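Each chain, written out:
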Amino acid sequence: MRFIPVTLLSVVSSFILSGCLSQPSMYKSDGTSVIIDAQPLSHLPESAKVEISLIYNDHSVKSEVIEEGGYLPYDYELPVEADKQASVKKIKVTASIGTQRVLEGEKVLPIVDDAPVVLHALSELVLKNTYWRAEDISGRGIPPSTETTLVFNSNNRLSGYAGCNLYQSAYASLSVFLEIDKARLTRQRCSSPIMYHENRYLALLTSAEYFSIDEQGDLAIYLSEREKPLKFTPITYPEAQQSMILQ
């Protein structure tokens with residue numbers, strides 16, 4: 001058996017997140033709508049609650065949850081009556097997961113321009129240069145004697161060993177939100193159960209929406225339209241490097 005080491009931080013191909021080419025939006029210069037942006041994300045997932053608040057000159061606040069999103073930046077019609085428009089002092093936008101508020105941005109009025117309300121992370125969880133071993137794939141476990149790893153490299157690249165093949169992709173993250181592009185991989189063939197596991201794992205990665213890291217340091221990646229996340233435990237750089245071999 002021949003082992004070929006692979007350098008974790010070397011990514012040959014360039015990747016572009018499919019959603020990062022944001023769709024343009026039309027801004028209403030009369031101040032009745034606002035553009036929302038959250039770079040470098042292409043969108044905010046449906047699992048997020050996005051709330052817009054109007055703060056008036058008398059310090060009263062009117063808030064409304066945004067039901068529809070889209071590719072960022074996107075337009076939102078402000079919930080303000082025409083005769084009260086001039087009394088709006090500030091626009092504030094927040095994004096939450098459950099009860100946790102994770103992104104926030106604001107715009108002071110009466111500035112009327114096409115500058116977006118840019119959402120910033122309230123607390124940053126850094127995935128860059130972290131190394132993980134999969135423990136559960138959305139409730140289906142891991143096939144016996146099969147290792148699956150995930151490495152978040154520098155420059156928004158990720159790589160790993162999917163059980164049969166090496167893979168590389170790109171990711172974008174802001175606070176807990178996470179987007180992962182479709183992976184490129186090597187062309188090894190393995191047994192049917194392992195190939196099924198690998199294909200399922202890589203497909204689920206592309207449906208990532210947000211993540212959490214618990215007190216034990218374990219990573220959970222939550223997926224679109226899936227109740228159970230991908231679960232990982234931390235590993236060291238040498239352990240990750242050992243997994244990334246061609247057999």
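Just so it is clear, the model here is predicted, and its values are computed rather than measured.

## Quick look at the sheet that holds strand β8 (residues 117–118)
Part 1: Strand order in this open sheet of three strands is β5-β2-β8, and the pairing throughout is mixed. The open sheet is flanked by β5 (74–77) and β8, the only strands paired with a single partner.
Part 2: Summarising the sheet, strand β2 (residues 33–37) and β8 pair through two bridges and their orientation is parallel. In the sheet register, isoleucine 36 faces β8, and the bridge partner there is valine 117.

## Re the sheet that holds strand β9 (residues 120–121)
Part 1: Read from one edge of the open sheet, five strands run β4-β3-β6-β7-β9, paired in antiparallel fashion. Only two strands of the sheet have a single partner each, and these edge strands are β4 (61–66) and β9.

## Quick notes on the environment of alanine 183
Part 1: Mapping alanine 183 onto the fold places it in the loop between β14 (177–180) and β15 (184–185).
Part 2: Judged by its relative accessible area of 16%, alanine 183 is buried.
Part 3: Residues alanine 183 and leucine 166, spaced 17 residues apart in sequence, show a C-alpha to C-alpha distance of 9.6 Å.

## A short note on the pattern of salt bridges
Part 1: Counted under the stated rule, the structure contains four salt bridges.
Part 2: Between lysine 90 and glutamate 106 there is a salt bridge; the shortest N-O distance is 3.7 Å. Taken together, the residues lysine 90 in strand β6 (residues 88–97) and glutamate 106 in strand β7 (residues 100–108) connect sequence positions 16 residues apart.
Part 3: Look at glutamate 106 and you get partly exposed, because its relative accessible area is 43%.
Part 4: A salt bridge links glutamate 104 to arginine 101, with the nearest nitrogen and oxygen atoms 3.4 Å apart.
Part 5: Among the residues examined, glutamate 104 registers a relative accessible area of 21% and is labelled partly exposed.
Part 6: Where salt bridges share partners, they join Lys92, Arg101 and Glu104 into one cluster.

## Structural notes on the state of the cysteines
Throughout this description, disulfide means a covalent bond between two cysteine sulfur atoms.
Part 1: Applying the stated criterion across every chain yields a total of one disulfide.
Part 2: Residue pairing for cysteine 164: its cysteine sulfur links by disulfide to cysteine 190, the two sulfurs lying 2.0 Å apart. When the S-S torsion is 85°, as for the bridge of cysteine 164 with cysteine 190, the disulfide is right-handed. With a gap of 26 residues between them, cysteine 164 in the loop between β12 (157–161) and β13 (166–174) and cysteine 190 in the loop between β15 and α1 (192–205) connect regions that are remote in the sequence.

Parameters and conventions
Residues numbered from 1 in each chain as written. Predicted model: local features only at pLDDT ≥ 70, side-chain atom pairs only at ≥ 80, totals over all residues. Heavy atoms only, no water. Pairing = 2+ DSSP bridges. Helix = DSSP H or I, 4+ residues; strand = E, 2+ residues; numbered from the N terminus. Buried < 20%, exposed > 50% of the residue type's maximum accessible area, 1.4 Å probe, protein only. Salt bridge = Lys/Arg side-chain N within 4 Å of Asp/Glu carboxyl O. Disulfide = S-S within 2.5 Å.

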